[in-house]
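Report on the structure
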Amino acid sequence: MNTGDTGFMILSAALVFFMTPGLAFFYGGLVRRKNVCSTMMACTSIMGLSVVMWVLFGYSLSFGGNHLGIIGDFRWLAFRHVGMDAGPYADTIPHLVFAAFQMMFAMITPALITGSLVGRMKFKALFFFMAFWSVLVYYPLAHMVWGSGGILAKLGSVDFAGGNVVHISSGVSALVLSILLGRRRGYEHTTYRVHNVPFVLLGASILWFGWFGFNAGSALGANGLSAHAFMTSALSSACAMLTWMLIEVIREGKPTLVGASTGLVIGLVAITPGAGFVPVWSAFLIGGLVSPICYFGVALVKKKLKIDDALDAFGCHGIGGIWGGLATGLFGQSSINSTAQWDGLFFGDTRLFLAQLAGIFITIIIAVIGTLVCAGIIRIFTELRVSVRDEQLGLDISQHGESAYPTFTGLDQ
């Protein structure tokens with residue numbers, strides 16, 4: 001047991017906790033005024049739901065025991081035997097601290113999905129969908145990648161802080177669910193403007209701040225690997241921000257604050273799976289390339305395929321996470337982190353890259369099937385989508401009976 005590692009990990013868990021409120025501000029700033037509260041409420045409700053589920057059974061299913069490399073068991077039900085001594089996953093911090101840190105990942109991951117659904121999904125349907133999705137998608141993936149005996153780990157696929165588990169799973173699920181819901185009313189004829197740019201920057205800044213706990217904390221100690229992950233995260237995010245701004249200057253003639261905020265977030269998404277595996281210099285490429293990849297990926301999804309991924313949850317997290325996973329297979333080095341069994345393709349070995357491809361493919365399949373199953377279960381009890389009248393009125397009023405800006409009456413009609 002090490003008090004320095006313990007203090008660092010408690011601080012990292014607290015930083016990751018603040019990412020979900022940060023996401024609420026980021027998403028809330030991007031939507032129309034009549035849907036601000038409902039968008040932020042989606043993230044807020046998941047915070048409460050995820051903590052209760054994690055302590056009751058989520059942690060045990062993700063990290064307790066092993067069944068076929070896919071799921072755990074109920075040995076740690078309600079945190080039974082999860083105490084102040086070291087656990088099986090980290091020997092310098094209390095088992096409780098490890099469980100608390102992982103709990104924050106289980107919190108933000110389903111919240112990321114909500115960005116694709118704004119303005120049209122019933123709150124009741126969304127709330128229960130996220131509960132089922134956590135059980136059918138998140139907990140198994142967390143076990144497969146990070147749990148003892150996980151099948152993806154055995155394949156040699158690596159994921160330092162959640163490229164597969166967090167970003168690809170949520171991004172792909174967001175895409176599937178947005179297709180099931182259909183486009184917002186008048187989507188082809190309406191211009192959806194960002195209603196509060198300062199909210200967007202505030203949310204992005206909180207996410208950036210918390211992401212250092214997200215990635216550096218995944219080293220599970222205050223050590224050189226955590227410092228390495230910190231620096232690759234900072235560099236990738238900065239490069240992605242600058243290249244997104246450059247794209248806007250080339251295409252639109254001027255950079256925007258919303259674009260810069262989006263760029264810094266997707267830079268963090270891209271580096272997440274490889275933050276503790278790739279050399280620092282590769283973060284220039286990982287962050288610099290993710291912006292054009294996601295920028296034109298969003299255009300493909302929205303303009304060519306006509307899919308209403310409202311806040312680009314798939315365009316940013318899904319596509320950015322896939323690029324990050326592939327980049328880890330390109331630039332990963334076992335000398336940086338021995339969890340990687342092989343070096344990346346850039347260093348002459350194909351095995352890590354092929355393992356990353358397999359991990360990404362399996363994650364996508366699980367996310368697609370899990371989302372379809374969860375949506376099917378919810379439809380037995382309630383419709384997924386609000387009525388035409390409720391959508392026109394706005395989900396703030398129709399789903400929650402409140403307004404973020406009551407003085408702006410009539411301006412969203």
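The following paragraphs examine the structure supplied in this document. Computed from a predicted structure; not experimentally measured.

Quick look at a nonpolar patch on the surface now. Taken together, the side chains of F128, F132, V135, L136, F361, I365, I369 and V373 make up a nonpolar region of the molecular surface, amounting to roughly 670 Å² of accessible area. Looking at the nonpolar patch, the elements that each hand over two or more residues are α5 (123-146) and α13 (351-381). Among the secondary structure elements, F361 is positioned in helix α13.

It is worth spelling out α5 at this point. Taken as a whole, α5 carries its principal kink of about 45° at S134. Among the 24 residues that make up α5, 17 are buried, leaving the element largely enclosed by the rest of the structure.

For the pair helix α10 (residues 257-271) and helix α12 (residues 313-331), the least separation of the axes is 8 Å and the interaxial angle reads 45°. As far as their axial angle goes, α12 and α10 are oblique. Crossing handedness for the pair α10 and α12: right-handed. Where α10 abuts α12, its residues T262, V265, I266, V269 and A270 lie against C316, H317, G320, G321, W323 and G324.

Another aspect to go through is the layout of surface pockets. Counted as a void, the largest pocket has a volume near 1,400 Å³. Residue assignment for the lining of the largest pocket shows that the elements contributing at least two residues are α2 (19-30), α9 (224-252), α10, α11 (282-304), α12 and α14 (388-393). When grouped by side-chain class, the residues that make up the lining of the largest pocket number 18 nonpolar, 10 polar and 13 charged. In this structure, the second largest pocket spans a volume of roughly 480 Å³. Taken together, 23 residues form the lining of the second largest pocket, with V145, W146, D159, F160 and T339 sitting closest to its centre. If you list the elements that add at least two residues to the lining of the second largest pocket, you get α4 (95-113) and α5. For the lining of the second largest pocket, the element with the highest residue contribution is α4, accounting for four residues. Residues of the lining of the second largest pocket, tallied by class, amount to 14 nonpolar, eight polar and one charged.

Moving on: empty space enclosed by the protein. Inspection of the entire model under this criterion finds four cavities of 30 Å³ or more. Space inside the largest cavity adds up to approximately 110 Å³. Of all elements in the fold, only α3 (36-63), α5 and α15 (395-400) reach the threshold of two or more residues within the lining of the largest cavity. What the second largest cavity holds in volume is close to 50 Å³. For the second largest cavity, the full set of lining residues is M19, L23, I108, L112, V166, H167, L207, W211, F214, V265 and H317. Breaking the lining of the second largest cavity down by element, the ones donating at least two residues are α2, α4, α7 (163-181) and α8 (197-216). Broken down by element, the lining of the second largest cavity gets its largest block of residues, three residues, from α8. Its residues assigned to classes, the lining of the second largest cavity comprises nine nonpolar, two polar and no charged.

Take the pattern of salt bridges next. Overall, the coordinates contain eight salt bridges when judged by the stated rule. Residues R185 and E391 are paired through a salt bridge, measuring 3.3 Å at the closest nitrogen-oxygen approach. In this pair, R185 is assigned in the loop between α7 and α8 and E391 in helix α14, connecting sequence segments 206 residues apart. Here R185 falls in the partly exposed class, since its relative accessible area comes to 44%. Its salt-bridge partner being E391, residue R385 comes within 3.1 Å of it at the nearest N-O pair. Of the two residues examined, R385 and E391, each falls in the buried class. Salt bridges here are not isolated pairs; linked through shared partners, they connect R120, R184 and D308.

Now for the environment of M84. Here M84 shows up in the loop between α3 and α4. Residue class for M84 comes out exposed when judged on its relative accessible area of 69%. Note: C-alpha distance between M84 and G149 (65 residues apart in sequence) is 24 Å. When near neighbours in sequence (up to four residues on either side) are disregarded, M84 contacts M1, P94 and L96.

Procedures and definitions
- Residues numbered from 1 in each chain as written.
- Predicted model: local features only at pLDDT ≥ 70, side-chain atom pairs only at ≥ 80, totals over all residues.
- Heavy atoms only, no water.
- Patch = residues over 30% accessible without salt bridge, like charges linked within 9 Å, V, L, I, M, F, W, Y side chains within 5 Å.
- Areas by Shrake-Rupley, 256 points an atom, 1.4 Å probe, with all protein chains shown as cover.
- Salt bridge = Lys/Arg side-chain N within 4 Å of Asp/Glu carboxyl O.
- Helix = DSSP H or I, 4+ residues; strand = E, 2+ residues; numbered from the N terminus.
- Bend = angle between axes of the 7 residues up to and from the residue.
- Buried < 20%, exposed > 50% of the residue type's maximum accessible area, 1.4 Å probe, protein only.
- Axes fitted to C-alpha atoms, helices over the stretch in contact; angles between N-to-C directions.
- Parallel < 35°, antiparallel > 145°, perpendicular 65-115°, else oblique.
- Left-handed = near helix turned anticlockwise from the far one by under 90°.
- Contact = heavy atoms within 4.5 Å.
- 1 Å grid on protein atoms, 1.4 Å probe; cavity = no way out; pocket = protein on both sides within 12 Å on 5 of 7 lines; lining within 4 Å.
- Points joined across faces, edges and corners; volume = space filled by probe spheres on them.
- Nonpolar A, V, L, I, M, F, W, Y, C, P; charged D, E, K, R; others polar.

The values are spatial; any link to function lies outside them.
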